[in-house]
Amino acid sequence: MDQVMIKAQTLIEALPYIQKFNNKKVVVKYGGSAMLDESLQANVIKDVALLKLIGMKPIIVHGGGKEISKWLNKVGKETKFVEGLRVTDEETMEIAEMVLNKVNKHLVQMVQQIGVKAVGMCGKDGATIKVDKKMPNGNDIGFVGDIKEVNTDLIDTLIENDFIPVIAPVGIDGNYQTYNINADDAACAVAQAIGAEKLAFLTDIEGVYTNPDDKNTLISVLTLDRADELINNGFIGGGMLPKLKNCIDAVRNGVARVHILDGRREHCLLLEFFTNRGIGTAIIDNEGWLENE
């Protein structure tokens, strides 16, 4: 009976969040180790399907960098990065697009096995994501796109017809040339364009720390001012720096709340979205409501 009551209490605790986010758009950026472990993969897809079934409008934007590197290695092609971005020549672009399409359709299949409708797409479909060539500090790194515009027509049509859009980070320029896009950038741009209520990043870390070596310094709720302060004072570095800057930009451009979650933890999306105290870091504007407080 105690176990039954715990389940009932969990559902009651989730009720106000279900009410608050009913009919709201949420973007899940799916990447990291959660894409490589079959059990974690299944749990993430179940979480997203549940969001859909209780009335939210989820959109998945996925990466696939580790899988791309694996296939490049199989064909004997060296992987090079400049400022965290993959150098993408014509052959690399061709392989990346094939791998991302494979990942995309696998995710769609998993969603549909649960009984929820999904459609796989990339930024080329419907000219959804338009880019210019990205030149970090003047470096030519090939077919890597800098997002200039997101056309939401196709995404909106899919959502209105009860589908979960599953988006691969590939776009086109003004000459219809194909470009690889950083998946974090794609998720932020899509979330901003559709006016998402939430954007969740599934990562390989628990969240944002004031001291990465001290697990007790995890920040549950981070305002924009505090985030700027941490960056300016040098507390944020490595791969977290561009990710946090993306989160800040998303909030400043209309996304109500951005979550950084440990995708290696089972059902991290549900734990963050529907419990009184989340498990990751939520980034909000300076006047934002603190739903996890």
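Since the model is a prediction, treat every value here as computed from it, not as a measurement. (Residues numbered from 1 in each chain as written. Predicted model: local features only at pLDDT ≥ 70, side-chain atom pairs only at ≥ 80, totals over all residues. Heavy atoms only, no water.)

Q: Tell me what's going on with the overall build of the protein, and back it up with residues and numbers.
A: Counting secondary structure elements, the protein contains nine helices and 14 strands. Scaling as 2.2 N^0.38, a compact globule of 293 residues should have a C-alpha radius of gyration of about 19 Å, and the protein matches this with 19 Å. Based on the C-alpha atoms only, the size of the protein along its principal axes is roughly 60 × 45 × 35 Å. Looking at the protein residue by residue over its 293 residues, the buried ones come to 49%. Within the protein, contacts between residues separated by at least 24 positions form 71% of all contacts whose residues are at least 6 apart in sequence. Taken as a whole, the protein presents about 13,800 Å² of accessible surface, with 48% of it coming from carbon and sulfur. Side chains of the protein give 32 positive and 41 negative charges; the mean places of these two sets differ by 3 Å. (Helix = DSSP H or I, 4+ residues; strand = E, 2+ residues; numbered from the N terminus. Rg over C-alpha atoms; globule rule 2.2 N^0.38 Å. Buried < 20%, exposed > 50% of the residue type's maximum accessible area, 1.4 Å probe, protein only. Contact = heavy atoms within 4.5 Å. Areas by Shrake-Rupley, 256 points an atom, 1.4 Å probe, with all protein chains shown as cover. Lys, Arg positive; Asp, Glu negative; His and termini not counted. Charge placed at Lys NZ, Arg CZ, Asp CG, Glu CD.)

Q: Please set out the sheet that holds strand E13 (residues 257-262) residue by residue, giving values where relevant.
A: Across the sheet, which stays open at both edges, the eight strands sit in the order E5-E8-E2-E1-E11-E13-E14-E12 with mixed pairing between neighbours. Both edges of this open sheet fall to strand E5 (118-122) and strand E12 (221-223), since each of them pairs with a single strand only. Going across the sheet, the axis of each strand differs from the next one's by a mean of 20°, ignoring polarity. Packing of helix H4 (residues 90-113) onto the sheet brings it into contact with strand E1 (25-30), strand E2 (57-62), E5 and strand E8 (164-168), and relative to E5 it is tilted by some 165°. (Pairing = 2+ DSSP bridges. Axes fitted to C-alpha atoms, helices over the stretch in contact; angles between N-to-C directions.)

Q: Which residues make up the environment of Leu-271, and what are the values?
A: Position of Leu-271 relative to the elements: it lies in helix H9 (residues 268-274). Overall, the relative accessible area of 27% leaves Leu-271 in the partly exposed class. Counting along the chain gives 180 residues from Leu-271 to Glu-91, while the straight-line C-alpha distance between them is 41 Å.

Q: Can you tell me about the packing of helix H6 (residues 183-194) against helix H8 (residues 240-252), naming the residues and giving the values?
A: Their axes nearest at 10 Å, the elements H6 and H8 cross at an angle of 10°. With respect to their mutual orientation, H6 and H8 come out roughly parallel. Contact residues: Asp-184, Asp-185, Cys-188 and Gln-192 in H6; Lys-243, Asn-246, Cys-247, Asp-249 and Ala-250 in H8. Considering only residue class, the contact of H6 with H8 consists of three nonpolar, two polar and four charged. (Parallel < 35°, antiparallel > 145°, perpendicular 65-115°, else oblique. Nonpolar A, V, L, I, M, F, W, Y, C, P; charged D, E, K, R; others polar.)

Q: Before we move on, can you summarise the pattern of salt bridges with the specific residues and values?
A: If you walk through the whole model with that rule in mind, you get 18 salt bridges. Among the ionic pairs, Lys-52 bridges to Asp-162, the shortest N-O distance being 2.8 Å. With Lys-52 in helix H2 (residues 38-53) and Asp-162 in the loop between helix H5 (153-160) and E8, this residue pair connects regions lying 110 residues apart in the sequence. Judged by its relative accessible area of 14%, Lys-52 is buried. Under the relative-accessibility criterion, Asp-162 is labelled partly exposed at 42%. Taking the shortest distance from any N to any O, the salt bridge between Asp-185 and Lys-134 comes out at 3.9 Å. Residue Asp-185 is found in helix H6, and its partner Lys-134 is found in the loop between strand E6 (129-133) and strand E7 (145-150); the two are separated by 51 residues along the sequence. (Salt bridge = Lys/Arg side-chain N within 4 Å of Asp/Glu carboxyl O.)

Coordinates in, geometry out; function isn't part of it.
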